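# Survey of secondary and tertiary structure
Here is what each chain is made of, one letter per residue.
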Amino acid sequence: MPRKRAAKFVICRDTEAVTHLEPGLFPAGRQSEWSEQNRTLTFSIHPLWNQIAIAVAGKQPTEALPKRVPVYEQDQTVHICGVPGVPDSRLPFVNDTHAVFASLQEVMSKEPVVGMDGLLQMSSMYREAMLRQIRVLQEASETTEFIAGEVETFHAMHAVWHLLEIIYLTSNLPGLSTSIVPHFMEWLNFNFPAPLAEDGERILDSGGGLALNGELWAYVRKLALRGHVSVLANTLERVAPVKGLSAHAARWARDIAGIARDMPLGSSEETAGSFNARWRRWNEELQNAAAAIASLQPSEDEALEALYAVVDVMRGNADAVAEEGKSWQDVLGAMLLYSEPTALADRLPSLAGAVVEQYHITELSELDRGLIALLNHELPEFLVLCNRIDPWLAAHMADLMDHISILDMCRGAFAVDPREHYLVALSELYIGHENLWRVALDYLGLSGTRAARCVMAEYAMRVPLESDAKAQQVLRVCEKYGLKSAIDRIHRQLGRRQWQRGRLGAAIAHFAVVSDRRSIGLICDQLWDQYLASGALEYGPVIDGVMAAGLRHERLRFLTRYRDFYESYRARMLAEAGAILLSILVEEIAPPYAVADLLVDAIPLLEGDELVFSADQTFELMRCAEALRQSPFPTGRSVDEGEMSIFSVACGRNLARSFVTI
Amino acid sequence: MNTLQVQPVARKVTSVCWLPPRAGQAYTDTELFFVTGSSARHKELVLWTTDNPDFESGSNKLSTEDKSLAKLVSKVTHDGDVHDIAVVSIDVIATASSYGTISIYDIQSDSLKLRESVTAHRFTNGEPAVSTALSVQPVNSSDADIASCGEDGKIAYVPLTRLDALQAYEVDSTVVTGVCWPTPSQVAASTRAGQIKIFDRRSPAEVSAVFVDTSNSYSFECIASHPSQSFRLATGADTGAVLLWDIRNPKKPATEVFGVHESNVWKVRFHPTDSSKIVSCSDDASIAITQWVSDKPTATKDVRYLSGFFNALSIGCFDVCPFTRASLLVAGSDSGNILMERSASTDFSLF
């Protein structure tokens, strides 16, 4: 029988987004008529940002149309549609957690490997950032629906993160009590606080009417359910002497306060046996109290009913806990605290399962399902639910799980590596914000995978380079992560841009980095052509800048030597000028198309009063001219035969003079 | 590594500048003002105020848990990314923009108001060129010149009171990355090609001198002049090095190289109250304070570093307050933070 392949989690990212443009680009219901008037829609997707530009375009050029088509305002409107990305309010949080993420990758890459306490410290930093963001949002001057949603999201993220921390980090720290219960209760009361402290203050400030306060006993029951035994004891002691309370209720209020104060708390110095013995004795006291109070019932004394419920919960009665608990977290917390105070983390799945099965799936939110998946160690489902809460959570959670070495347990359940996938997805979100391009590239680079590096290279090549300084930063990031192809493309892109702007020196500098000798040669040819057209040699500053940087190229060498010739000639240092000109020709530094121009430059030196070229040197010049005439390869420039004739005559005369001089 | 205090501002802060004290004497001002410029999504100038450390008591350490480093006073939209800010007078600042414009802002009643702007830098094809830095001529005159440099390879001179009388001169074939005034009649500029070029204001089109370190191939990001010794210049390089120049001998300038950073040095300054120290900020997210005057050999020069744990990205700008006895430094970063280091100590030494 063939084995059924286990279904793998395929993280589906295809979401259809529908948007209606206001104002529309064509009249509603008249699309056919509009289209017949040579109209269609064109669009362009931004290479980086989640934006699309849409506009009306013509199917044919206007000139090709038989009659003129009127143009309306909508025809000249460009709509920019964007998917909401990272809101500005999240920028501090994104930057803070990016710093933590980068530090975490750095410490985990070094020896010796960071232990659980180091990971716990990093995890705490993430939580601090979430709490800081919640505080900032709550202090906003205006509470909008968006801000309320963000607060809820961050509360959810913190609850999830905190639970993972206590299950996999805190409970595994050496030297502390290994029971999960105190940590779970801390998690529960921090993330789902109940009862609220301000409610307690309000109730207890009732003064003489405390016993008649309708909220009092619900408050007391909640204190017991959540394990706030000290507050419970203090409250009962305040309630006991107040008027309006029956004698029985007053007595049991005092007694239960004492029992609550005696609740055993575990410590690392105490053995399990000793603790269990104390716990049994305390539980017996609760059983006796429950029996005694029950014997006073039935009665219509609300206080006694509440006190009985408190004792019932504290002695671990599952039915009482289920009745008092408003949520599965309440019930699970109370069951752990009062029934299994020494439970380890591995007891959580079975206990959580028993509690949650009482709830229908529709009663559970996405946060609930995520927490339950975590409690049940269903890590693949947990990660998927984290992503639904927030992409930040899934990415950083997968990363932390990888460092804790628990991601490997569920990697096989995914069709792709979940850490890589979620980090790349997060980067795609960040790259859409102009302030976060570097954060996005860092996440891709620090993910450490080949696929992420490929994505990173593609993004890096498309980051808008609005300034030279930003270009330097992008190049620096590419160098850091070894993106050679991206560096090459960016330099070429910058070189072409500078070339178009007429900044030839800057263009040469960029092409030189990537050894694009062809482009450098073309720019040099352009400089030469500009000189020939204007007659003024102005390329000096251009080549000075790049030569100072140590660039070596045959065309640059030619231009430099020619400039030396030019300046010597202008200074009437003719012998030196002649020597330089001859060396350019003899050493074949000049490009083929410039040889004729150089030979023409030699004419005034040949015809001048001063004998610049010796006989041998003149023969060399003539040899160059002959080679030019017989050149089998087209030079690309036409040779002026008239000028070459003058050159030949000048050579002849110079030879004659040189012989006579000898 | 000492820790900078961090205040997230959700802006990519690309320039920062302390304003002169309002009352004219720092010790009577319980609050100090500074201006930041930001770029990318939020192109704006923001006026901030912070407590004068000379008036703080007790431990004098601000806790970011219960108190902000600085309070926002006002902000105004800026045309383009703010690449540099310079103080012109007690209530006037000048800014350099990514659109090649120099803008003059008045500070009136704790608000910033644009007075005038002029486009100083363009490429030959008409496209605006980024104005990379600017510097105000150190003269006590209302008609001082503002020198601005840009990616078009030009230095533009703009009289403060007559922006339309701008004069621009092409001085380099690559990007001119920084400019400063060693003297009221002399301008020094740093280039992407690793050169320092000196110009006389009276003959701005001609290069008076060019200096280059031939032992290494640098690309300079910034330049600064010594507050009192006009022959001393400092440049920041793309390799993370800070170079100290003595240009008294134009044919053979003396250079001292301090390898203080691991990445591009975006800004460098001589400390305003102790010019034996050079302060620099870098793409490696740190600020370095280098003691360059010392009896020790170069390799063991003292360097103190400042950074913030929650600031992982480039620190692109900083300014040291010259008006307080206590040490007060403010910086801006790509992480969207304002960073500050303050010490109430009256000891000028930072070590």
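Within every chain, residues take consecutive numbers counted from 1 along the sequence as written. Ligands are numbered from 1 and chains lettered from A, in the order in which they are written. Where totals are concerned, whole chains, interfaces and linings use all residues; where local detail is concerned, this predicted model gives features only for residues with pLDDT of at least 70, and gives and counts side-chain atom pairs only at 80 or more. Side-chain numbers here rest on the full set of heavy atoms in the structure, without hydrogens or water.

Bringing the overall build of chain B into the picture now. Every helix listed is a DSSP run of H or I at least four residues long, and every strand listed is a run of E at least two residues long, numbered separately from the N terminus. Scanning chain B from terminus to terminus reveals zero helices and 29 strands. Computation of the radius of gyration draws on C-alpha atoms, with the globule rule given as 2.2 Å multiplied by the number of residues to the power 0.38. Radius of gyration (C-alpha) of chain B: 19 Å, near the 20 Å computed for a compact globule of 351 residues. Counting only C-alpha atoms and orienting by the principal axes, one finds that chain B spans roughly 55 × 50 × 35 Å. Long-range contacts, defined here as pairs at least 24 residues apart, represent 50% of the contacts in chain B between residues at least 6 apart. In the structure as shown, chain B presents an accessible area of about 13200 Å², 46% of it carried by carbon and sulfur atoms. A contact between two residues is defined here by any heavy atoms of the two lying within 4.5 Å. For the area figures, the Shrake-Rupley method with a 1.4 Å probe applies, and any residue is considered shielded solely by the protein chains shown.

It is worth spelling out the overall build of chain A at this point. On a plain count of helices and strands, chain A comes out with 31 helices and three strands. The principal-axis extent of the C-alpha atoms belonging to chain A is close to 145 × 75 × 70 Å. A buried classification covers 48% of the 662 residues belonging to chain A. Contacts spanning at least 24 positions in sequence make up 64% of the contacts within chain A whose residues lie at least 6 apart. Accessible area for chain A stands at about 32600 Å²; split by element, carbon and sulfur atoms hold 53% of it. The charge count treats Lys and Arg as positive and Asp and Glu as negative. His and the chain ends do not count. Every charge is mapped onto a representative atom, which is NZ of Lys, CZ of Arg, CG of Asp or CD of Glu. For chain A, the centre of its 62 positive side-chain charges and the centre of its 86 negative side-chain charges are spaced 4 Å apart. Buried means the residue's accessible area, taken with a 1.4 Å probe over protein chains only, is under 20% of the maximum for its type, while exposed means over 50%, and partly exposed covers the values in between.

This brings us to the environment of Ser658(A). Residues and elements named next belong to chain A. Mapping Ser658 onto the fold places it in helix α31 (residues 641-661). On the basis of relative accessible area, Ser658 is assigned to the buried category, the value being 2%. Between the C-alpha atom of Ser658 and that of Asp516, which follows or precedes it by 142 residues, the distance is 45 Å.

So, about the confidence of the model for chain A. Residue-level confidence of the predictor is what pLDDT reports, using numbers from 0 through 100. Overall, the prediction assigns chain A a mean pLDDT of 88, with 93% of residues at 70 or greater. A low-confidence stretch, residues 1-7 of chain A (pLDDT under 50), is modelled with zero contacts involving residues beyond four sequence positions or located in other chains.

What follows deals with the nonpolar core. Residues and elements named next belong to chain A. The criterion is simple. A nonpolar core is a set of buried Ala, Val, Leu, Ile, Met, Phe, Trp, Tyr and Cys residues joined through side-chain atoms within 4.5 Å. Phe184, Trp217, Met314, Phe382, Trp392, Met397 and Tyr430 are the most contacted members of the largest nonpolar core, which totals 160 residues. Apart from the residues within four sequence positions on either side, Phe382 is in contact with Val160, Leu164, Gly370, Ala373, Leu374, Met397 and Met401. Ranked by size, the runner-up nonpolar core spans 51 residues in total, among them Leu551, Leu581, Ala602 and Met644.

Before going further, it helps to spend a moment on the side chain of His510(A). Residue and element names in this part refer to chain A. Relative to the helices and strands, His510 resides in helix α24 (residues 504-513). For the purposes of these results, a polar contact is taken to be a pair of N or O atoms within 3.5 Å, where, inside protein, one atom must be able to donate a hydrogen and its partner to accept one; residues adjacent in sequence count only when each atom of the pair is a side-chain atom. Reaching out from His510, the side chain makes a polar contact with the side chain of His491 at a distance of 3.1 Å. In this structure His510 touches His491, Leu494, Gly495 and Gln498, once residues within four positions along its chain are discounted.

Attention shifts here to helix α8 (residues 229-239) of chain A. Each turn of an α-helix holds 3.6 residues, which means side chains three or four residues apart point in the same direction. Residues and elements named next belong to chain A. Along α8, the residues that are buried comprise Val229, Leu232, Ala233, Thr235, Leu236 and Val239. Angularly, the buried residues of α8 cover 165° about the axis, an arc narrow enough to put them on a single face. On the buried face of α8, the contacting elements are α6 (197-204), α7 (216-225), α9 (247-261), α11 (302-314) and α13 (328-339). Directions drawn from the helix axis to the C-beta atoms are what define this arc.

Successive side chains on a regular strand alternate, one facing one side of the sheet and the next facing the other. Residue and element names in this part refer to chain B. Here strand β9 (residues 101-108) pairs with strand β10 (residues 111-119) via eight bridges, running antiparallel. Its bridge partner lying in β10, Ile107 is registered against Leu112. At least two DSSP bridges between two strands are required for those strands to pair. Between the antiparallel neighbours β9 and β10 lie two residues, among them Ser109 with a positive phi of about 50°.

Below, the discussion takes up the pattern of salt bridges. By salt bridge we mean one thing: a side-chain nitrogen of Lys or Arg within 4 Å of a carboxyl oxygen of Asp or Glu. One pass over the full model with this rule turns up 54 salt bridges over all chains. Where Asp199(A) meets Arg202(A), a salt bridge forms, and the shortest distance between an N and an O atom there is 3.0 Å. Of this pair, Asp199(A) and Arg202(A) both sit in helix α6, separated by three residues, roughly a single helical turn. Asp145(B) is paired through a salt bridge with Arg201(B); the nearest N and O atoms lie 2.7 Å apart. Note that Asp145(B) is positioned in strand β12 (residues 145-150) and Arg201(B) in the loop between β17 (195-200) and β18 (203-212), a separation of 56 residues in sequence. One continuous salt-bridge network, built from bridges that share partners, spans Asp399(A), Asp402(A), Asp408(A), Arg411(A), Asp417(A) and Arg419(A).

A few words now on the interface of chain A and chain B. Counting from both sides, the interface comprises 41 residues of chain A and, opposite them, 42 residues of chain B. Two parts placed together each lose some accessible area under a 1.4 Å probe, and adding up what both lose gives the buried area. Between chain A and chain B the total buried area reaches about 3400 Å² when both faces are included, carbon and sulfur atoms providing 49% of it. The interface formed by chain A and chain B includes six salt bridges. Arg41(B) is paired through a salt bridge with Glu434(A); the nearest N and O atoms lie 2.8 Å apart. For the interface between chain A and chain B, the tally reads 23 residue pairs in polar contact (both at pLDDT 80 or more). Counting residues per element, the ones that place at least two in the side of chain A that touches chain B are α2 (91-108), α3 (116-138), α20 (437-447), α22 (468-480), α23 (484-500), α24 and α26 (540-548) of chain A. In terms of residue count, α2(A) provides more of the side of chain A that touches chain B than any other element does, eight residues in total. Residues that form the side of chain A that touches chain B fall into these classes: 14 nonpolar, 14 polar and 13 charged. Here the nonpolar group is Ala, Val, Leu, Ile, Met, Phe, Trp, Tyr, Cys and Pro; Asp, Glu, Lys and Arg are the charged ones; every other residue, Gly included, is treated as polar.

For the rest of this paragraph, the subject is the pairing of strand β20 (residues 232-237) of chain B. Residues and elements named next belong to chain B. Of all the six residues making up β20, six are buried; the element is thus mostly covered by neighbouring parts of the structure. Covered by surrounding structure in β20 are Arg232, Ala234 and Gly236 together with Leu233, Thr235 and Ala237, the residues of both alternating faces. Judged from the five bridges that link them, strand β19 (residues 220-225) and β20 form a sheet pairing that is antiparallel. The partner of Ala224 across the bridge, within β20, is Ala234.

Another point: the packing of aromatic side chains. Centres within 6.5 Å are what make two rings of Phe, Tyr or Trp a pair, Trp counting through its six-membered ring; a difference in plane orientation under 30 degrees is then read as stacked, over 60 as edge-to-face, and the rest as tilted. Enumeration according to the criterion identifies 28 aromatic pairs over all chains in this entry. Ring centres 5.4 Å apart and planes at 50° place the aromatic pair Trp528(A) and Tyr531(A) in the tilted group. Placement of both Trp528(A) and Tyr531(A) in helix α25 (residues 517-534) is noted, with a separation of three residues, approximately one turn of the helix. In this structure, Trp528(A) and Tyr531(A) share a single accessibility class: buried. Ring geometry for Phe270(B) versus Trp292(B): centroids 6.2 Å apart, planes at 80°, classification edge-to-face. Within this pair, whereas Phe270(B) is found in strand β23 (residues 265-270), its partner Trp292(B) is found in the loop between β25 (287-291) and β26 (303-307), the two being separated by 22 residues in sequence. You'll find Phe270(B) and Trp292(B) in the same group, each marked buried. Pairwise contacts between aromatic rings join Trp528(A), Tyr531(A), Phe558(A), Tyr562(A), Phe565(A), Tyr566(A) and Tyr569(A) into one cluster.

All names here are of chain B. Summarising the element assignment, Ser117 is placed in strand β10. When the C-alpha positions of Ser117 and Thr255 are compared, they lie 38 Å apart, and in sequence the two are 138 residues distant. Contact partners of Ser117, with chain neighbours within four places excluded, come to Ile102, Ser103 and Leu163.

As a further point, take unusual backbone geometry. All names here are of chain A. Here the amide bond leading from Ala194 into Pro195 is cis, since omega sits at -15°, within 30 degrees of zero. With respect to the secondary-structure elements, Pro195 resides in the loop between α5 (181-191) and α6. Phi at His377 is positive, roughly 60°, even though this residue is not glycine. With respect to the secondary-structure elements, His377 resides in the loop between α15 (366-375) and α16 (379-389). Relative accessible area serves as the criterion here: at 35%, His377 is assigned to the partly exposed category.

Below, the discussion takes up the side chain of Arg304(B). Note that Arg304(B) resides in strand β26. Among the polar contacts listed, one links the side chain of Arg304(B) to the side chain of Asn2(B), at a separation of 2.9 Å.

Turning our eyes to something else, we now look at the sheet that holds strand β6 (residues 71-77) of chain B. Residue and element names in this part refer to chain B. Spatial strand order, β3-β4-β5-β6: four strands in an open sheet with antiparallel pairing. If you trace the sheet from one side to the other, it starts and ends with β3 (12-18) and β6, each paired once. Taking each pair of neighbouring strands and ignoring which way they run, the sheet shows an average axis angle of 25°. Bridging between strand β4 (residues 31-39) and strand β5 (residues 44-51) involves seven bridges; their strand directions are antiparallel. Of the residues in β5, the one forming a bridge with Val35 is Leu47. Fitted lines through C-alpha atoms give the axes, limited to the stretch in contact for helices. The angle between two N-to-C directions lies from 0 to 180 degrees.

Here α22(A) spans 18 Å end to end across 13 residues, near enough to the 18 Å set by a 1.5 Å rise per residue. Taken together, the buried residues of α22(A) touch α20, α21 (450-460) and α23 of chain A together with β3, β19 and β23 of chain B. Looking one or two residues past α22(A), Gly482(A) carries a phi angle of roughly 70°, positive in sign. One fewer than the residue count of a helix, multiplied by 1.5 Å, yields its expected span.

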